[in-house]
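Structural overview for review
Read off the chains here:
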Amino acid sequence: MALTTEFFHTKVLGFFALPCGRRGVTGSKRPWKPAAPATSSPRLTSRALRIAIALTQQISDAEESSKSGLFPGIASELPPPFPVSCINWADCITVCLKPQEGTHDHDESLLPFPAAFSHLADDFGDLLEQVAQGVEERAAKLRESTAAALREGNGDGYLDVDCARISYSNNSAASRNEEDWTREKLQRIYSLGLVFYELFSGGELPPLEMLVVSSSNGGDLTAISSNKVEGEVRRSANRNGSRWNDFASTLEVSDDISLGENTDHYESWNGDYVASISNKRRSLSSRSMQALAASTGPIICEVSVGCLSGKGVPSRLCDLIYNMIDCINGDFMGNESYSEIVDVTCDLQLMLTKPSVYLHDLEVDKLSLTALELNDTVFERKNEFDSLQCSYRRFVSGSSELAIITGTSGTGKSTMANRLGNFITAEGGLFLSGKFDQMMQCAQPFSAIASAFNNYCHQLAMYEESERAMLVASKLQTTLGPDLYYLIQVIPNLSHLVFGNPTGIPPNRDDCVDAQQRLQYLFCRFVEVISSCSGGPMTLFIDDVQWADSASISLIGQLLKTTRSMQGESRVFFLATCREDELGSDHSFWKMIHTVRNFGFETTLVKLECMDRDTVTNVVSNLLHLSPRLVGSLSHILFHKTKGNPLFVSKMMLSLHREGFLRLSLARRRWEWDEEKMHSKKLHDDVAMFFVNSINTLATDVKIALRVLSCFGSSTECEFIQAIETDLKLNVTEPLKIAMAEGLVNKLDGKYVFCHDRIQEATYSMIEEQDRYLHHMNYGLSLIKRSMRDDHVALLFTAVMQLNLGGPSAVQHADEYHKIAKYNLLAGKKAMEMSDFSSAFSFFDHGMTFLRKKHWRDQYDLSLELFNLAAKCALAIEDHSSLTMICDEVSRNARNYKDTLSSSFTHMSALIHSRISDSLEFGFKELSRLGVDIPSSVSRDDTLKLITETKSMLDGFTDDTLLNYHVLSDYKKVMAIKFLAKLENSINQANPSLLPFITIKIIQLTIEHGMSPMSAIGFAYFGGIIGELGDIRGGYRYTRLAKALLNKYKCNEIAGEVMFLSSEILSFLEPLQGTNEYRIQGQELAMSAGDIHWARMNRLGFIGTLIWSGTNLSSVKEELISARHFSAEHNHRTSLYYIKTFGETVSRLVEGETLSDGQLTMSVIENNVPYQLVVFYFHRMFVSFVFNNYVDMKCNAEKFFEYRMPSGHLLTGHAVHAFIGGLASFRIYRETHEPMWAQRGEEYKERMRTWRDKGSLWNFENKCFLLEAEECYSNGNVDEAMALYEHAISSAQDHKFVHEEALSYELAANYYFDIGNKLMALKYFTCAREAYFKWGAFAKVTTLNTYTQEKLENEVLISVP
């Protein structure tokens, strides 16, 4: 090729490959011939695309560096590093396969083929793959070499564009204006288009009509066309000549163009090929000159890619090449022609990375039938979805995780959540989902959570013979037993899963303390069972939590806190969506999230915003299978109207398609749109108005059907709509089919579901307000008849909710008011059975609004029941203000005192939770009205007398007689016993001296009037009272009777309390190590009754028994962690205080951590609760005693005895206090010789003897021996003390109290050390260390090691001969 000598020359080395002749590995020579196109297979297409991208990217980089400067202060003085004017550089690209052996005058490392390519496979695809890799791998190195040369001021450099020597312009970047840049950019795009034609056609040169030349003297631009008119080359008019001629002058082609010139060192690679290509291009050049001579004006380049299409090249790729070549036509080029090389790069990259979208042809035949289709991936949000995936993977790896997706309506929250669900399911997980409904929430108790598990049970029940279904059913029956009834009320499909289900058990709403807590407990156990059987991690997805009720949110929180402590796949990953603008910071959902975070949950918060302009463009591009630059005008319109709301974007696109503004062109096999018509048509820019307008275009019957459906919220059962259709003679079902075809409604799992909440909201807003009330009332009255006839609970809730939405103003007949109030009463009772007190209260409250002014006179029974049950629900949901107003209303209007008792008891129960003293005052007042007077105080003598008399009276009854005693029927006496039983625990906390009196009153009323289910609590407390007085076996008799009464009357409300009291007495009779099974049973019974307080008390008793029975302390630590979580879950500060106290003691024994004197001490002192102070100082005294810290022990012992108070009934802690308190007292007495301490030690020793003689020898024998030994040691009885220490050690060993064995060894060692027998002391210290080690008290072992080494071992070794 002839080069202009005045230009500065540089070598520009590059490469791209075509299927042409090459020398094989054997050295044989094969002639070149055109091969199949590079796009004949997906494999070859991707490789050819990679080569094309590499070329465009390098040119793009060169343009950028030339215009903006590669290096500050240098670039403006350098020529642009790419071929520019005076060179038709596309003709200079050499297409070859591999070099032959030979020398070259350039860097070997920059050859088109690295050494590894010296032996290539015959397969063209493999070759192209290696070539593509070579282009990409060398690009960075070549650019780096160019940059280095420029930094050094050397003009020579390498740029990976082509294999020919081509020149730079000698004009600096600064001297070239914008118009020059534009011309040069278009020339490069055009020239590269010709190269791509050759590349993707398999080596075929572009047709003659695509070639553009210019005169050597800068004359008019000329194109060669094969289309002739009357023997002349067709020419086009010279439009805008000056601009066109300026552009033409940038090209120069001479007649002596030769591909081989100035590239002699390349010709040895493949001479035949180079010569062949040179001849072809030389021929074209000659013809070009002939055409140029015959021309009298500029000729427009005719672009045709029909040959490419005929070779199987995808039409998208043909269009790309067409638009690259067409850009040479200047003002006559098409709207889609390229103007920037970077756009070419982007489009090629999309074809490579997403061939199914941007490269392959549309399935026109399919689209012509299915029209425009939008799916979940259209609005892909990669970063947000990746965050959710990472959260789930952390959960699977063992972390406690939850994820929340927020955003305004229509931003795709539910879509993204369900997309994550598909991922979870594909990973082998279980994905359960439910949705809250703003309108119908109260009609469906725990709707979202219950529906999620109900669907799961339905799926399992369909395969009831499967191994998993049978396993789940078996575990549920074993774990929950009869309590499954309560779950079945909320999860109906559970009854189909559980074989021999307990659905026939009649409910008893009064058999528990807190039915809502009971339901939470049962749900947690239920989730634990099904998650352990699911075979994979469980995810619970709840949609639209902004509409969740407080009870549901509380249940979610409890599920999370409970399942966190579960192991393996029993845990639950929680996923929620909410409308950010409808969920304020003070919403109970955020409070719940804050709480669970304190339990170690990591929260992933994903906020979905409306899409920006670029994102909308990408979405439209992906949907229409067109590059982003082509859809810019359409995306601009969409963004302007929708503000980037994904829901609005999708619906507007569907609307544009439906109305013909966006259509599929069968000829071009792509989507087209009419911008002018879009601008002329008024498009709503509000999503609500858009939906309203869309619905208004539908037929009248379709609009009516949609309005009917919208009155039931976002979804409703198909059978409900069919019932209304039949009863009210409406045409709904058929028109809804049209709505489904329009994409407004779906039919899923027997439900009609609006495709989005905004569609339902828009439809509902189209109904006039007054008409809405009438519609709701008519629908409710229609459905209530069917619900009563079929005993359909779900239909009952829906019907009553419709009636309540209608309200009293919609009632048209006077006799309907009290009927609707009754319906609300019935629905409220059903909700209470489901333990949904929030919904129940709503039903009762609405029922009261339907009562007329004189309802206390005309509807007295209905009014009384509504108000009493509303009071119970207000107590359950802690709405104390409503509770007070309701109770006052009953008190004013009740016909007699008896009718006020239920609300009064509810009122007193509410006061117990907040103000104990007020509850006692109120309760005593009500008891006085019932004929039971409670004194303010009772002397100890009078108390003992009452106890003796009552015990004597009961001794006259056998257990069978009492168990089968006649049942109390007097309602006032029943309520009196109920009041007394409710006050037992409050009295024990506020005024323990009155506890025996209250207890005896219950027993007296029972013996005089008959047995009540609540009588069991009186017998349980009475057993503890006489046990505390020394009659342990007599006390156990009455606690055993109390348990038998529980079983007979099924009174779960007091089960936890009775089991706790019974276990405390039992620990004085049976081996302590075996009593914990009763405490576990007590905790489970309490939880099943929703009695959190006594569940915690049983759990505390369990932990205490573990410690004082000698259980290994590592196991105790694990149980303490679990217990701390349990108490924190229910926000019980008192039990948390005790657990923290236990935990510090264990930590000191195991790890040696010093007891903090900070927050815990301050809390104890500030609370000033006597028993808490006793426990606190006892543990301090115990730890300082074990670690031989005499000063601290004495100080804590003084505090312990200061706060010690008489107890109303016997507790396990009394024995531990007596044992350690007695040992500490004797130790202090030996130091101080104060008689008070000897007396205290003696007192505790005698109590221990009583428990040993009248109770359990197993539990108390070794303790008696050790206290007696310490007493003898303190009194100087040496020989007797020595024998008692041996007995204590032996008894502790026999009865498995390893910690007391260790303590006995150590105290004996101290005794031997004091009397001077250091050899025996060392022996016993050694035994003590071994026992402490076995217990797990490693810190104590370390301390004892140090002590013996410093004080004994050296002296003993010296003294031994």
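Source: prediction; values computed, not measured.

On a plain count of helices and strands, the protein chain comes out with 59 helices and 16 strands. Burial analysis of the protein chain (1361 residues in total) assigns 57% to the buried set. Restricting to contacts in the protein chain with at least 6 residues of sequence separation, those with at least 24 account for 74%. Carbon and sulfur atoms provide 50% of the accessible area of the protein chain, an area that totals close to 55,800 Å².

Look at Asp-544: it is not a glycine, yet its phi comes out positive at around 60 degrees. Looking at the element boundaries, Asp-544 is found in the loop between strand E9 (538–543) and helix H19 (550–564). Despite not being glycine, Lys-729 shows a phi value in the positive range, around 55 degrees. Residue position: Lys-729 is located in the loop between helix H27 (718–727) and helix H28 (733–741).

Take the nonpolar core next. Residues Phe-453, Leu-494, Phe-523, Phe-526 and Leu-624 are the most contacted members of the largest nonpolar core, which totals 230 residues. Ranked by residue count, the leading element in this core is helix H35 (residues 860–876), at 12 residues. Ranked by size, the runner-up nonpolar core spans 88 residues in total, among them Trp-1108, Ala-1123, Val-1175 and Tyr-1285.

A side chain with one charge may pair with a side chain of the opposite charge, provided their charged atoms come close. Tallied over the full model, the rule gives 43 salt bridges. One salt bridge connects Glu-1064 with Arg-1079, and the closest N-O pair in it is separated by 2.5 Å. Taken together, the residues Glu-1064 in helix H45 (residues 1055–1066) and Arg-1079 in helix H46 (residues 1076–1088) connect sequence positions 15 residues apart. Overlapping salt bridges bring together Lys-435, Asp-543, Asp-544, Arg-579, Asp-757, Arg-758 and Glu-761 as one network.

We now examine the sheet that holds strand E15 (residues 745–748). Within a sheet, adjacent strands bond to each other through the backbone by hydrogen bonds, running parallel or antiparallel. In space, the 3 strands of this open sheet follow the order E14-E16-E15, with antiparallel pairing throughout. Strands with a single pairing partner mark the edges of an open sheet, and in this sheet they are strand E14 (715–717) and E15. Pairwise comparison of adjacent strand axes, ignoring direction, gives a mean angle of 20 degrees for this sheet. Two strands pair when backbone bridges link them, and E14 and strand E16 (residues 751–754) are joined in this way by 3 bridges, in the antiparallel orientation. Bridging across to E16, Ser-715 finds its partner in Val-753. Across the face of the sheet, H27 comes into contact with E14, E15 and E16 while running at roughly 70 degrees to E14. Packed on one face of the sheet, H28 meets E15 and E16 and runs near 110 degrees to E15.

Turning to the packing of helix H55 (residues 1257–1275) against helix H56 (residues 1278–1294), a few remarks are in order. Between H55 and H56, the least distance of the axes is 8 Å, while the angle of their chain directions is 160 degrees. As the angle between them shows, H55 and H56 are arranged roughly antiparallel. In the crossing of H55 with H56, the sense of the turn from one axis to the other is left-handed. Here Trp-1258, Glu-1261, Asn-1262, Phe-1265, Leu-1266, Glu-1268, Ala-1269, Glu-1270, Cys-1272 and Tyr-1273 of H55 lie close against H56, whose contacting residues are Glu-1280, Ala-1281, Leu-1284, Tyr-1285, His-1287, Ala-1288, Ser-1291, Ala-1292 and Asp-1294. Across the contact of H55 with H56, the residue classes tally to 11 nonpolar, 3 polar and 5 charged.

Our focus in this paragraph is the sheet that holds strand E11 (residues 602–608). Taken in spatial order, the 5 strands make up an open sheet running E8-E9-E10-E7-E11, and their pairing is parallel. Each of the sheet's edge strands pairs with one partner strand only, and the pair in question is strand E8 (430–435) and E11. Recorded for the sheet is a direction-independent mean angle of 15 degrees between the axes of neighbouring strands. Summarising the sheet, E8 and E9 pair through 6 bridges and their orientation is parallel. Of the residues in E9, the one forming a bridge with Leu-432 is Leu-540. Docked against the sheet, H19 engages strand E7 (401–407), E9 and strand E10 (572–579), running at close to 150 degrees with respect to E10.

In this section: helix H54 (residues 1235–1254). Its 20 residues place the ends of H54 28 Å apart at the C-alpha level, agreeing with the 28 Å of an ideal helix rising 1.5 Å per residue. Taken together, the buried positions of H54 are occupied by Trp-1237, Arg-1240, Gly-1241, Tyr-1244, Lys-1245, Met-1248, Trp-1251 and Arg-1252. The arc that holds every buried residue of H54, seen down its axis, measures 135 degrees, which confines them to one face. In H54, the exposed positions angled more than 90 degrees off the buried face are occupied by Pro-1235, Gln-1239 and Asp-1253. Buried residues belonging to H54 abut helix H44 (1032–1049), helix H52 (1190–1203), helix H53 (1212–1232) and H55.

Before going further, it helps to spend a moment on the side chain of Ser-909. Examined against the element boundaries, Ser-909 turns out to sit in helix H37 (residues 901–914). On the basis of relative accessibility, which here comes to 5%, the residue Ser-909 falls in the buried class. One polar contact links the side chain of Ser-909 to the main-chain carbonyl oxygen of Phe-905, over a distance of 2.9 Å. Ignoring anything within four residues of it in the chain, the contact list for Ser-909 reads Leu-875 and Lys-982.

Right, let's get into the environment of Cys-610. Locating Cys-610 in the fold gives a position in the loop between E11 and helix H21 (613–624). Cys-610 gets classed as partly exposed once you look at its relative accessible area, which sits at 34%. As a C-alpha pair, Cys-610 and Asn-645 span 35 residues in sequence and 4.8 Å in three-dimensional space. Beyond its immediate stretch of four places on either side in the chain, Cys-610 contacts Thr-408, Thr-411, Lys-643, Gly-644 and Asn-645.

Moving on, we come to the confidence of the model for the protein chain. Summing up the model confidence of the protein chain, the mean pLDDT is 76 and the portion of residues at 70 or higher is 75%. Low pLDDT, under 50, characterises residues 69–125; the predicted model gives this stretch 173 contacts beyond four residues in sequence or across chains. Contacts of residues 145–173 to residues separated by more than four positions or lying in other chains number 111 contacts, the stretch itself having pLDDT below 50.

With that settled, consider the packing of aromatic side chains. This model, assessed by the stated rule, comprises 38 aromatic pairs. The interplanar angle of 75 degrees and the centroid separation of 5.1 Å between the aromatic rings of Phe-1200 and Phe-1201 together place this pair among those described as edge-to-face. For the pair Phe-1200 and Phe-1201, one class covers both residues: buried. Here the aromatic residues Trp-1108, Phe-1178, Phe-1182, Phe-1200, Phe-1201, Trp-1237 and Tyr-1244 are joined through ring pairs into a cluster of three or more. Against the face of Phe-385 rests Arg-419, its NZ or CZ located 3.9 Å from the ring centre. The ring of Tyr-817 carries the charged tip of Arg-852 above its face, separated from the ring centre by 4.0 Å.

As for its position among the elements, Lys-1263 is in helix H55. A polar side-chain atom of Lys-1263 sits 3.2 Å from a polar atom in the side chain of Glu-1300. Setting aside chain neighbours within four positions, we find Lys-1263 in contact with Phe-1219, Met-1248, Phe-1297 and Glu-1300.

The next point concerns the environment of Phe-661. Position of Phe-661 relative to the elements: it lies in the loop between helix H23 (646–658) and strand E12 (662–665). Since its relative accessible area comes to 11%, Phe-661 is described here as buried. Through-space distance from the C-alpha of Phe-661 to that of Glu-676 is 9.4 Å; in sequence the pair is 15 residues apart.

Running from N to C, helix H22 (residues 632–642) and H23 point in directions that differ by 125 degrees, and their axes come no closer than 10 Å. As the angle between them shows, H22 and H23 are arranged oblique. Taken as a pair, H22 and H23 cross one another with a handedness that is right-handed. Residues Leu-634, Leu-638, Lys-641 and Thr-642 of H22 lie in contact with H23, whose contacting residues are Phe-648, Val-649, Met-652, Met-653 and Leu-656. Its residues placed into classes, the contact of H22 with H23 shows 7 nonpolar, 1 polar and 1 charged.

Once that is clear, we can look at the pairing of E15. Pairing analysis gives 4 bridges linking E15 to E16, with the strands arranged antiparallel. Looking at the pairing, Lys-747 lines up with Tyr-752 of E16.

Our next topic: the environment of Asp-437. Mapped onto the elements of the fold, Asp-437 is located in the loop between E8 and helix H14 (447–462). Of the residues examined, Asp-437 reaches a relative accessible area of 7% and is grouped as buried. Note: C-alpha distance between Asp-437 and Asp-543 (106 residues apart in sequence) is 9.1 Å. Beyond its immediate chain neighbours, meaning those up to four positions away, Asp-437 contacts Trp-547, Phe-712, Gly-713, Ser-714 and Ser-715.

Criteria and thresholds
- Residues numbered from 1 in each chain as written.
- Predicted model: local features only at pLDDT ≥ 70, side-chain atom pairs only at ≥ 80, totals over all residues.
- Heavy atoms only, no water.
- Helix = DSSP H or I, 4+ residues; strand = E, 2+ residues; numbered from the N terminus.
- Buried < 20%, exposed > 50% of the residue type's maximum accessible area, 1.4 Å probe, protein only.
- Contact = heavy atoms within 4.5 Å.
- Areas by Shrake-Rupley, 256 points an atom, 1.4 Å probe, with all protein chains shown as cover.
- Core = buried A, V, L, I, M, F, W, Y, C linked by side-chain atoms within 4.5 Å.
- Salt bridge = Lys/Arg side-chain N within 4 Å of Asp/Glu carboxyl O.
- Pairing = 2+ DSSP bridges.
- Axes fitted to C-alpha atoms, helices over the stretch in contact; angles between N-to-C directions.
- Parallel < 35°, antiparallel > 145°, perpendicular 65-115°, else oblique.
- Left-handed = near helix turned anticlockwise from the far one by under 90°.
- Nonpolar A, V, L, I, M, F, W, Y, C, P; charged D, E, K, R; others polar.
- Expected span 1.5 Å × (residues − 1).
- Arc of directions from axis to C-beta.
- Polar contact = N/O pair within 3.5 Å; in protein donor to acceptor, adjacent residues only side chain to side chain.
- pLDDT = per-residue confidence, 0-100.
- Phe/Tyr/Trp six-rings, centres within 6.5 Å; stacked < 30°, edge-to-face > 60°.
- Lys NZ or Arg CZ within 6 Å of the ring centre and 35° of its normal.

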